[in-house]
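Single-letter residue listing:
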Protein chains: 2
Amino acid sequence: MAYQAFTEQDAIKRVRELGLIGQEEATAEEIGDGNLNLVFRIQAGKERLILKQALPYAKVVGESWPLSLERAWIEQLALKEFAKYATPFVPRVFHASHEEAYTVMEDLSHLQIVRTGLLAGETYPLLAEHVGSYLARTLFFTSDFALGPVGKKQVARDYYNPDLCDITEKLIFTDPFYDAETNNIESGLETDVQQLWQDEKLKREVAKLETLFITKGEALLHGDLHTGSIFASAGETKIIDPEFAFYGPFGFDVGQFIAHLCFAAYPNYAELRETRVKDIDTFWLTFASTFTALWEREAVEPFRTVPGLVDDVLSTILQDALGFAGCELIRRTIGLAPVADLEQIEDAATRLERKRHALRLGTVLIKRRGECKTFTDLRNFDVTEELSR
Amino acid sequence: MAYQAFTEQDAIKRVRELGLIGQEEATAEEIGDGNLNLVFRIQAGKERLILKQALPYAKVVGESWPLSLERAWIEQLALKEFAKYATPFVPRVFHASHEEAYTVMEDLSHLQIVRTGLLAGETYPLLAEHVGSYLARTLFFTSDFALGPVGKKQVARDYYNPDLCDITEKLIFTDPFYDAETNNIESGLETDVQQLWQDEKLKREVAKLETLFITKGEALLHGDLHTGSIFASAGETKIIDPEFAFYGPFGFDVGQFIAHLCFAAYPNYAELRETRVKDIDTFWLTFASTFTALWEREAVEPFRTVPGLVDDVLSTILQDALGFAGCELIRRTIGLAPVADLEQIEDAATRLERKRHALRLGTVLIKRRGECKTFTDLRNFDVTEELSR
């Protein structure tokens, strides 16, 4: 059937036709934020399902931005690919339609979006470990190291996703570094932002990171791994929404998650800072040890046995990740898509102070990522010190 | 029509049907080396044409290696793509058939294969400059810098070439570094080769270069740019045979050409060394200045104006290129596809000495490429010094 945006009744009709629910009475509720997708929660007896359908445009801050529906197909392909390697952390997909650009999948309403939960004071004791394991497994198993170059190229072909890569490129690596219309710069932050825009060394390093992002096709990335793309409870973690999936650098997802753990400290910095630093530690250690174990057990490349090589690979991943984390910290502070972690701080002076901190931390991570060969090097960074190096 | 390997009469019939020659008498001669392709030179009156047809296997040293015919299509696509940006250096394509895996193109028999010419004492005063210009233009114009990420991804899709990438990976980055069956190790060289195989730092760096080769999709590469893929005269240069074309790192073609200029010095090292070093200088300077000029005039990325960025980009290209050159020097000395520049040295002691030199030079380039920020740094390398660094 040709594409048209579903109503709630259409959504019910479709899952009924597919035999995913029976003839019993059913209800559907549209729960998406409406920016890129329709999201219907369907309930029929004890059965609960999500039907997610892509919209052919992105409604963002007063403009209409046409977007390929192909991303819906890529998203469900990626969900199924990731589920092969990290089953417990990926929602189940029951059906997908290429033409109508929808996917029917597991309902996760017993869990909570992590950003929302953290802001409400929830704790997720297993989150860092789960995401570390998820990323090590999905990145390793979709890379040349596991698939070999021929197998990897076959998988990579399915993830031709230029529209969404272009959004990332513009919003993360370009717009925040000059006076772009899309930016959201809070009053009081102008001087800091001017300083950023005049920092030629910073911009050169950001350009290098952008080049890595668009040219380094190492593994199938989630592509948008922030705390709003994760559902969790105390014991469970599910990573959703990989519509930005494409073959890119190992460090990108890793860096985005690190940046959003940093953001999660800002609402109550004195109290939360240590917890979030511990989360980042746990996340990286889980990632690195899982990746190393997979390398030793599963890598197909003849060079996998060269001593020290996996440590070099991990050092590069870490350095790239810190650079990408820095870009994410800056763009979510002054770019198009601000984070609630900062925006919901009520006291204006505190909010400005935290935003300044995010900009400084981002700058340091970008400029000095080369000094971090191991994660403990990162601990030695004092963001209050001179940034002119 | 379904694929079948052509006879000479088939080749004539096809170009006649295409209207590329008239009804006059025509002759065809098969002049390929028969390893991967049939190459017919067709003559009809004053008209001369080449019809090149892919074979579905690679005959290499006693084994039959099945190969996708798709590479013929990729080759003619690449010829046409490169011709857009570097017209004088690319043979004209008149017709191509996807199904029958052949291409009809300009005959270049007024020129000579550069490796053969150099071995016979020819000089090509414009070669280094021409190849520098060709590479700067083809690499720049097929990169994100010129096409933007969306346009680049569209072009890159056509160059899905896993079979041929796999050959490169095995023959350049893997087999020469362990006791593979495909190697050709001349008697007398065993100790040197053993030393190479025990050099863990070297193997780690080769593994990193291999990873760059398979993951860094910066530009459309020729993929096999040695002196046997270039036709030239004193005034003209044509680069043929891009059947290994794929999206890879800027430095790969650059490095292969540098390696083969090094090889070209070996037949008469005392006399030729300085000429070849000057060629490498000219080649790199032309490449770098052309690339910089294109960057300033034609780059579409907003970050192109960041001061110093193009110099950083060129430093990285140079370092990658030197590493790839090192790998090529080693594999053509002890791997599956030896070069006549070394093999045709008649005196056994001299031949062994030059092969040892090639292995040492390759090792130094791979291990110490990081020290070369500019091309003059390379001049300071003394390959006789301690290699243990």
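What this report covers is the structure whose coordinates are included nearby. (Residues numbered from 1 in each chain as written. Chains lettered and ligands numbered in written order. Predicted model: local features only at pLDDT ≥ 70, side-chain atom pairs only at ≥ 80, totals over all residues. Heavy atoms only, no water.)

**What about the pattern of salt bridges?**
Here comes step 1: Per the stated rule, a full pass over the model turns up 56 salt bridges over all chains.
Here comes step 2: Residue A:Asp144 is joined to A:Lys152 by a salt bridge in which the shortest nitrogen-to-oxygen separation is 2.6 Å.
Here comes step 3: Classification of A:Asp144 by relative accessible area gives buried; the value is 2%.
Here comes step 4: A residue is classified by how much of its surface remains accessible, and A:Lys152, at 4% relative accessible area, is buried.
Here comes step 5: Each of A:Arg204, A:Glu205, A:Lys208, A:Arg369 and B:Asp312 takes part in a single network of salt bridges with overlapping partners. (Salt bridge = Lys/Arg side-chain N within 4 Å of Asp/Glu carboxyl O. Buried < 20%, exposed > 50% of the residue type's maximum accessible area, 1.4 Å probe, protein only.)

**Regarding the pairing of strand S6 (residues 93-97) of chain B**
Residue and element names in this part refer to chain B.
Here comes step 1: Note that S6 and strand S7 (residues 102-106) share 4 bridges and pair antiparallel. Paired with Val-93 across the strands is Met-105, a residue of S7.
Here comes step 2: Counted along the chain from S6 to the antiparallel partner S7, the turn is 4 residues long, and its residue Ala-101 has a positive phi close to 60°. (Pairing = 2+ DSSP bridges. Helix = DSSP H or I, 4+ residues; strand = E, 2+ residues; numbered from the N terminus.)

**Quick word on the interface of chain A and chain B**
Here comes step 1: Counting residues at the interface gives 34 residues for chain A and 34 residues for chain B.
Here comes step 2: Across the chain A/chain B interface, buried area totals approximately 3,100 Å², and carbon plus sulfur atoms make up 66% of it.
Here comes step 3: A:Asp312 is paired through a salt bridge with B:Arg204; the nearest N and O atoms lie 3.0 Å apart.
Here comes step 4: Our count for the contact surface shared by chain A and chain B stands at 8 residue pairs in polar contact (both at pLDDT 80 or more).
Here comes step 5: Elements that contribute at least two residues to the side of chain A that touches chain B include exactly helix H5 (144-157), helix H6 (162-174), helix H8 (200-215) and helix H11 (309-334) of chain A. (Contact = heavy atoms within 4.5 Å. Buried area = accessible area lost by both parts, 1.4 Å probe. Polar contact = N/O pair within 3.5 Å; in protein donor to acceptor, adjacent residues only side chain to side chain.)

**Concerning the relation of the copies chain A and chain B**
Here comes step 1: When chain A is fitted onto chain B, the two copies agree to an RMSD of 0.0 Å after a turn of 180° and an axial shift of 0.0 Å. Taken together, these values place the two copies in the relation of a two-fold axis. Every residue of chain A has its C-alpha some distance from the rotation axis, and the shortest such distance is that of A:Lys216, at 2.3 Å.
Here comes step 2: Mapped onto chain B, 100% of the interface residues of chain A are again interface residues, and the two copies thus contact each other with one and the same surface. (Least-squares fit on C-alpha atoms with pLDDT ≥ 70 in both.)

**So, the sheet that holds strand S10 (residues 230-232) of chain A**
Residues and elements named next belong to chain A.
Here comes step 1: Ordered by their spatial adjacency, 3 strands build an open sheet running S8-S10-S11, and the pairing between neighbours is antiparallel. Two strands close off the open sheet at either side, each with one partner strand: strand S8 (112-113) and strand S11 (237-239).
Here comes step 2: Bridge count for S8 against S10 is 2 bridges, and the pairing is antiparallel. Within S10, the position partnered with Ile-113 by the bridge is Phe-231.
Here comes step 3: Across the sheet, helix H4 (residues 127-141) is in contact with S10 and S11; its angle to S11 comes to roughly 45°. (Axes fitted to C-alpha atoms, helices over the stretch in contact; angles between N-to-C directions.)

**Regarding the environment of B:Leu18**
All names here are of chain B.
Here comes step 1: Its location among the elements puts Leu-18 in the loop between helix H1 (8-17) and strand S1 (26-30).
Here comes step 2: By relative accessible area, which is 33% here, Leu-18 ends up partly exposed.
Here comes step 3: Dropping the residues within four chain positions of it, Leu-18 is found in contact with His-95, Tyr-102 and Val-104.

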